[in-house]
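Coordinates in review
What follows is the residue order along each chain.
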Amino acid sequence: MGNELEKHWRDECGVFGIYLRDPTAPNEAARDTYFGLYALQHRGQESAGIAVASGDRIVLHKAMGLVSEVFSPEVLDGLTGNVAVGHVRYSTTGSSHPVNAQPLVFRYLKGMVALAHNGNLVNAGELYLRLANLGSVFQTTTDSEVIVNLLARYAQDSLEDALAKSMIDIKGAYALVIMTENKLIGMRDPLGIRPLCLGRRGDSFILASESCAFYTIGAEFVRDVEPGEIVVIDENGLRSIHPLGSEEVAHCIFEYVYLARPDSVIDGINVNRFRRAMGRQLAREMKVEADIVIAVPDSGTTAALGFAEESGIRFEEGLIKNRYIGRTFIQPTQKMRDLGVRLKLNPVEEAVKGKRVIMVDDSIVRGTTSKQIVRMLRDAGAVEVHMAVASPPTQYSCFYGIDTSAREELIAAKMDVGGIREFIGADSLYYLSEEGMFAAAGRIKGNFCAACFNGRYPIPIPQTGRIDKDNFERTGGGC
Ligand code: SF4
């Protein structure tokens, strides 16, 4: 199932940046970034960081933990300056270490730079070896540091030119927010796989992974940073560079299916509307008689509402989520995951007893959680439990910045729909068709990466993958 009870597909990072023209308080940029990161917390809960520039220096605070745990009012008071970048991170296995927290701050020939990155480079291993052979040294195991070292290699050029040259070298998915002592820069991968958007508040500009961060700080959405675009914001305003001139796009469809907040708009698509449309489409494809539609909260709620609207079957709150279970309960062992489901979800007996239930969720990863929920509903008196998944089967791993389960852990990679139905113990199981998913998006399917559903990767994955050679072992990967 698609919520955090099970090892789910997680976004590995959220990025935020702000350039204030006329700050009203010395720590205003840091404070705005703090609230922006709060809005992006769903994209990463392991570490958080803010770097602030004030014309001649950059100060940084970052640590492991949630935004609210990492920053106190005193810490924010010390982060003075009118430009800031921030980052929340969820790490891949093996890279959970304070040294990998971002932003990364470094000094090179042209001064100080801070960098916050969401995404994953598919040729990071190759670039790492190349740079290491040229004498580069690395402190972290992240792809982001590979980008930092590339920029340092192009130090004779302006930062914008260095970024344009780096864009030719790096292959993969990335949304970067970069800050010098007096500039804010956003850079998005040529296919626009990872999201990055631009906001405005008066004369000040903001960059964020998702537009929900703008509303939190009273800014308005201006537009998405275009695929392959570099935007530079400084005292002269905003200018845009398109070093590669690519016309193809492949936005990550999983952002809409699960990852992004429903109140965000990404690349012109309202996430909430998309999820509702997926639910409606699923109701058209799934012909099952039932008494009520319920959601696995929160990930399945919007699609379940759409399903109920289209089918005319009444929506009920059949499962209640305990919102006060901390993330410390979500341990990566099966035993703890089993416990986590019962701690976090409870069936509403009154709603489901004696009913034929359609249970809507956004996806099934391993299937173990869905199995437990089906059992819980039956124990609570449901006479039939039909599972409706508002996306196609997730059969392939992501190499573009989403921490997926290994392919062998994905139940849909090992079993057909009949086998999965049997495993989870449902009376029937329906997935949204791939065509139905694209129809819900209202765009042609060529506009999206949907590789985790169909295995068609828009950027070839080099066989070498990440570095794991001789003494150069990298375990971190992207962000
Ligand atoms: Fe998104 Fe899936 Fe493509 Fe990864 S493989 S970028 S999760 S659509």
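Everything below is about the structure printed above this text.
If you're wondering where the values come from, they're calculated on a predicted model, not measured in any experiment. (Residues numbered from 1 in each chain as written. Predicted model: local features only at pLDDT ≥ 70, side-chain atom pairs only at ≥ 80, totals over all residues. Heavy atoms only, no water.)

**A look at the site of the ligand**
As a reminder of what qualifies: In these notes, residues near a molecule or strand are those with any non-hydrogen atom within 4 Å of it. By definition, any uninterrupted DSSP run of H or I lasting at least four residues is a helix, any uninterrupted run of E lasting at least two residues is a strand, and each is numbered from the N terminus.
In the region of the ligand, the neighbouring residues are Ile193, Arg194, Cys252, Ile253, Phe254, Cys398, Tyr400, Ile402, Cys449, Ala450, Ala451 and Cys452. Mapped by element, the contributors of at least two residues to the shell around the ligand are helix H8 (253-259) and helix H17 (451-454).

**Description of the pattern of salt bridges**
Stated formally: When a carboxyl oxygen of Asp or Glu lies within 4 Å of a side-chain nitrogen of Lys or Arg, that pair is called a salt bridge. The rule is simple: take the accessible area with a 1.4 Å probe, protein chains only, and divide by the maximum for that residue type; under 20% is buried, over 50% is exposed, in between is partly exposed.
Summed over all chains, the structure comprises 24 salt bridges. For arginine 201, the salt bridge goes to glutamate 28, with nearest N and O atoms at 3.1 Å. With arginine 201 in strand S10 (residues 197-201) and glutamate 28 in helix H1 (residues 28-39), the pair connects residues that are 173 residues apart, well separated along the chain. Glutamate 409 is the partner of arginine 366 in a salt bridge, and the nearest nitrogen-oxygen pair spans 3.0 Å. With arginine 366 in the loop between strand S22 (356-361) and helix H13 (368-379) and glutamate 409 in the loop between strand S24 (402-403) and helix H14 (411-414), this residue pair connects regions lying 43 residues apart in the sequence. Owing to a relative accessible area of 30%, glutamate 409 belongs among the partly exposed residues under this scheme. Through salt bridges with shared partners, a single ionic network connects Arg43, Arg194, Glu210 and Glu255.

**Focus on the nonpolar core**
Note the threshold: Nonpolar core, defined: a set of buried Ala, Val, Leu, Ile, Met, Phe, Trp, Tyr and Cys residues in which side-chain atoms within 4.5 Å join the residues together. In this document the domain limits rely on a domain assignment from an automatic tool or a database. A contact between two residues is defined here by any heavy atoms of the two lying within 4.5 Å.
Counting 50 residues, the largest nonpolar core has Ile253, Phe274, Phe307, Ile358 and Met437 as the members making the most contacts within it. Looking at this core, the elements that each hand over two or more residues are H8, helix H9 (271-285), strand S18 (292-295), helix H10 (301-311), S22, helix H16 (434-441), strand S26 (448-449) and H17. When we break this core down by domain, the ones giving at least three residues each are domain 1 (3-250 + 467-474) and domain 2 (271-442). Every residue in contact with phenylalanine 307, bar those within four places of it in the chain, is listed here: Gly279, Arg280, Leu282, Ala283, Met286, Val293, Ile358, Val360 and Ala388. The next biggest cluster of nonpolar side chains, apart from the first, holds 31 residues, and it includes Ala124, Leu127, Val148 and Met167.

**Section: the environment of leucine 104**
Mapped onto the secondary structure, leucine 104 falls in strand S6 (residues 104-108). Leucine 104 sits in the buried class, given a relative accessible area of 9%. Distance in space between the C-alpha atoms of leucine 104 and isoleucine 50 is 9.7 Å, their sequence separation being 54 residues.

**Focus: the sheet that holds strand S14 (residues 237-241)**
Which entries qualify depends on this criterion: Two strands pair under a simple rule: DSSP has to find at least two bridges between them. Axis geometry follows a simple rule: fit a line to the C-alpha atoms, using only the stretch in contact for helices, then measure angles between N-to-C directions, giving values from 0 to 180 degrees.
Strand order across the open sheet formed by six strands is S6-S7-S8-S9-S13-S14, with antiparallel pairing between neighbours. Strands with a single pairing partner mark the edges of an open sheet, and in this sheet they are S6 and S14. Sheet twist, expressed as the mean angle between neighbouring strand axes with direction ignored, is 20°. Bridge count between strand S13 (residues 230-234) and S14: five bridges; the pairing is antiparallel. Along S14, the bridge assignment pairs isoleucine 230 with isoleucine 241.

**Looking at the pairing of strand S23 (residues 384-389)**
Stated precisely, the cut-off is as follows: Seen with the strands pointing away from the viewer, any crossover whose path from the first strand over the helix to the second strand runs clockwise is right-handed.
Of all six residues making up S23, five are buried, and the element is well covered by its neighbours. In the sheet, S22 pairs with S23 via six bridges, with the strands oriented parallel. Paired with methionine 359 across the two strands is methionine 387, which belongs to S23. Handedness of the crossover joining S22 and S23 through H13 is recorded here as right-handed. Taken together, the four bridges between S23 and strand S25 (residues 428-431) define a ladder with parallel strand orientation. If you follow alanine 388 over to S25, its bridge partner there is tyrosine 430.

**Focus: the sheet that holds strand S19 (residues 314-315)**
Strand order in the open sheet made by the five strands is S19-S18-S22-S23-S25, with parallel pairing throughout. Where the open sheet ends on each side, the last strands, each with one partner, are S19 and S25. Pairing between S18 and S22: four bridges, direction parallel. Bridge pairing in S22 places alanine 295 opposite valine 360. Packed onto the sheet, helix H15 (residues 417-424) meets S23 and S25 and runs at close to 130° relative to S25.

**Thoughts on the state of the cysteines**
To keep it simple, the criterion reads: For this text, the term disulfide refers to a pair of cysteine sulfurs within 2.5 Å.
According to the stated counting rule, one finds zero disulfides in the structure shown. Note on cysteine 197: no disulfide assigned, nearest cysteine sulfur contributed by cysteine 212 at a separation of 8.2 Å.

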